[in-house]
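One letter stands for each residue in the lines below.
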Amino acid sequence: MSKVLTAEEAADLLPDGAVVAVNSSSGLCCPDAVLAAIGARFDATGHPQNLTTIHPIAAGDFFGTKGVDHIAKPGCLSRIIGGSYPSGPTKADPPLIWQMITGERVAAYNAPSGIVFDMLREGAAKRPGVLTKVGMDTFVDPRLEGCAMNETAKADPIVELRDFDGEEWLYFKAIAPQIAIIRATTSDERGNLSFEHEGAYLGAMEMALAARNTGGKVIAQVKRVTANGSIRPHDVHVPGILVDVVVEAPEQLQTTATPYDPAISGEVIRPLDSFQSAEFNLGKVIARRVAQELHSGWAVNIGFGISANVPRIFVEEGCHGAVTWMIEQGAVGGVPLLDFKFGCSANAEAFVASPHQFSYFQAGGFDCSLLSFLEVGADGSVNVSRLSAVPHRTAGAGGFVDITARARKIVFSGMFNAGAKMSISDNGLQIDREGKIAKFVEKVDQVSFSGKRAIAQGQDVTYVTERCVIRLEERGLVITEIAPGIDLERDVLQQAATQLGVSDDLKVMDQNLFRPDLIGLSPKAAA
């Protein structure tokens, strides 16, 4: 019997009340055709009802791949556990899933992406759940918010505080999905899946195992179906014994707004001079200063925002290859891409399954992480996951909590406050109009990263802004460098909504950072 069905026939397989795991990262690997068919079936028949969906990383986006919004319908979706969610511009209408969350029409949880993958792996092995310290003292901790995104979710917690072997741990129950929906490039007639045009594997194998081992079904969306024996065994990343249904979707995008770029899937190597340098502006100034924190030979995780431009600084300065970039979707090496292609790398050295990448991150096996901030609290805590005034402006925490839990060194980057108008000259930085929203505050709106815990664990934490560099010390936040042209009292201390310390050895930031010419970056070898 052929495993190839239409998307509509695959959608008919979902029973009411099913737990459904979806493998995706925005548009990357998103099985959008299958999700669209499920939503269309609900519109036509009122089924499937009361689904619980599991998304370690967001399914869909604002920009052409609807993903979870296909099924974000009252009555169809009743519960959702996501590492991240579709996000977009402040002035745009919120995605349907956000409208359901803020309208209390679905129980919604934001759990660390790596932990969600761990919950699926434990479900696949029929173990009871995950004991972890990842997320302690953050919004993940049940003593704070316990991952709940709304009041409906608070009534049905997904995480508990447990004592084990004399220590406190967070406990998440294993997830046993009835349906896993994954995506690949090619399937043979037996359902063996290869990923040759994909920019990541994400957690396809883990989801397939979790569903298969608990008596569920695995639906795989692919670009094409080929004859048995035409995929080399080493190229099969999910074997056909785990796949029940194959849905052919020839028009599936490689990732958001990208039909196909062979450099993303590692099939060609782009020349380094094809990567566009960042425009000279304050974001580039910050990215340059962040680059100065890194040492040759390091493995460096990189996140969305200003820090995503740091690899371009290394290319521009002739230092590409001095560090190895790593992103949570699974690419190792190469040049992480920007904007709609974020989550992919061109010229990657390897693709690692996301659950393995997160195991590496959660244990602090890498050297440094470069991440953004929305707010920084007096104790060094960071909020990156919630903007209460415009919830859909942020995607949630994603892998941020997994990555920062034990990272040896973290460099956060962002503008010192919001709304300021500034200009750059040969003399450094000039404030033309001051911003009205402080980002350094007494207490953050949501604790995505705990400064208190970082101090206890001896983590090296730095915050780089256009005006100053700040380090986290036991006494709190301490300014160690200030931009040329900036008045410490007027432009920094008075603009913070919390007290900042000042180093006895206060330095001026490198003047070259504020000029369009190359800065002569030359990372030193790690000690």
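Before any of the text, the structure's been laid out above.
Engineer: Go over the side chain of Ser 354 with me, naming the residues and quoting the values.
Structural biologist: Relative to the helices and strands, Ser 354 is located in helix H9 (residues 354–362). Accessibility expressed as a relative area gives 0% for Ser 354, which makes it buried. Reaching out from Ser 354, the side chain makes a polar contact with the backbone oxygen of Glu 328 at a distance of 3.0 Å. Here Gln 329 takes part through its backbone oxygen, which lies 3.0 Å from a polar atom of the side chain of Ser 354. Filtering out sequence-adjacent residues up to four positions away, Ser 354 remains in contact with Phe 117, Leu 202, Glu 328, Gln 329 and Gly 330.

Engineer: Quick rundown of the sheet that holds strand S3 (residues 51–55)? Include the residues and the values.
Structural biologist: Taken in spatial order, the eight strands make up an open sheet running S1-S14-S12-S9-S2-S3-S4-S5, and their pairing is parallel. Because the sheet does not close on itself, it has two edges, and the strands there are strand S1 (4–5) and strand S5 (107–110). Across five bridges, S3 lies against strand S4 (residues 77–82) in parallel orientation. Of the residues in S4, the one forming a bridge with Thr 53 is Ile 80. Relative to strand S9 (residues 179–183), helix H6 (residues 204–213) is tilted by about 155°, and along the sheet it contacts strand S2 (19–22), S9 and strand S12 (217–222).

Engineer: Outline helix H4 (residues 113–124), supporting the account with residue identities and numerical values.
Structural biologist: The first and last C-alpha atoms of H4 sit 17 Å apart over 12 residues, in line with the 16 Å expected at 1.5 Å per residue. With 11 of 12 residues buried, H4 is to be regarded as a mostly interior element. Every buried residue belonging to H4 is among Ser 113, Gly 114, Ile 115, Val 116, Phe 117, Asp 118, Met 119, Leu 120, Glu 122, Gly 123 and Ala 124, and all of these are buried. Following H4 by one or two positions, Lys 126 has its phi on the positive side, about 55°.

Engineer: Outline the pattern of salt bridges, listing residues and values.
Structural biologist: Applying the stated criterion across every chain yields a total of 30 salt bridges. Measuring nitrogen to oxygen at the nearest pair gives 2.9 Å for the salt bridge that ties Glu 122 to Arg 127. Taking relative accessible area as the criterion, Glu 122 reaches 15% and is therefore assigned buried. Note on Arg 127: relative accessible area 45%, which makes it partly exposed. A salt bridge links Asp 505 to Lys 507, with the nearest nitrogen and oxygen atoms 2.5 Å apart. Looking at Asp 505, the relative accessible area reads 48%, which means it is partly exposed. Assessed through its relative accessible area of 44%, Lys 507 is described here as partly exposed. Residues participating in the shared-partner salt-bridge network are Arg 289, Glu 293, Lys 409, Asp 460, Arg 471 and Glu 481.

Cut-offs used in this document
Residues numbered from 1 in each chain as written. Predicted model: local features only at pLDDT ≥ 70, side-chain atom pairs only at ≥ 80, totals over all residues. Heavy atoms only, no water. Helix = DSSP H or I, 4+ residues; strand = E, 2+ residues; numbered from the N terminus. Buried < 20%, exposed > 50% of the residue type's maximum accessible area, 1.4 Å probe, protein only. Polar contact = N/O pair within 3.5 Å; in protein donor to acceptor, adjacent residues only side chain to side chain. Contact = heavy atoms within 4.5 Å. Pairing = 2+ DSSP bridges. Axes fitted to C-alpha atoms, helices over the stretch in contact; angles between N-to-C directions. Expected span 1.5 Å × (residues − 1). Salt bridge = Lys/Arg side-chain N within 4 Å of Asp/Glu carboxyl O.

Such coordinate-based values are descriptive only and should not be taken to indicate function.
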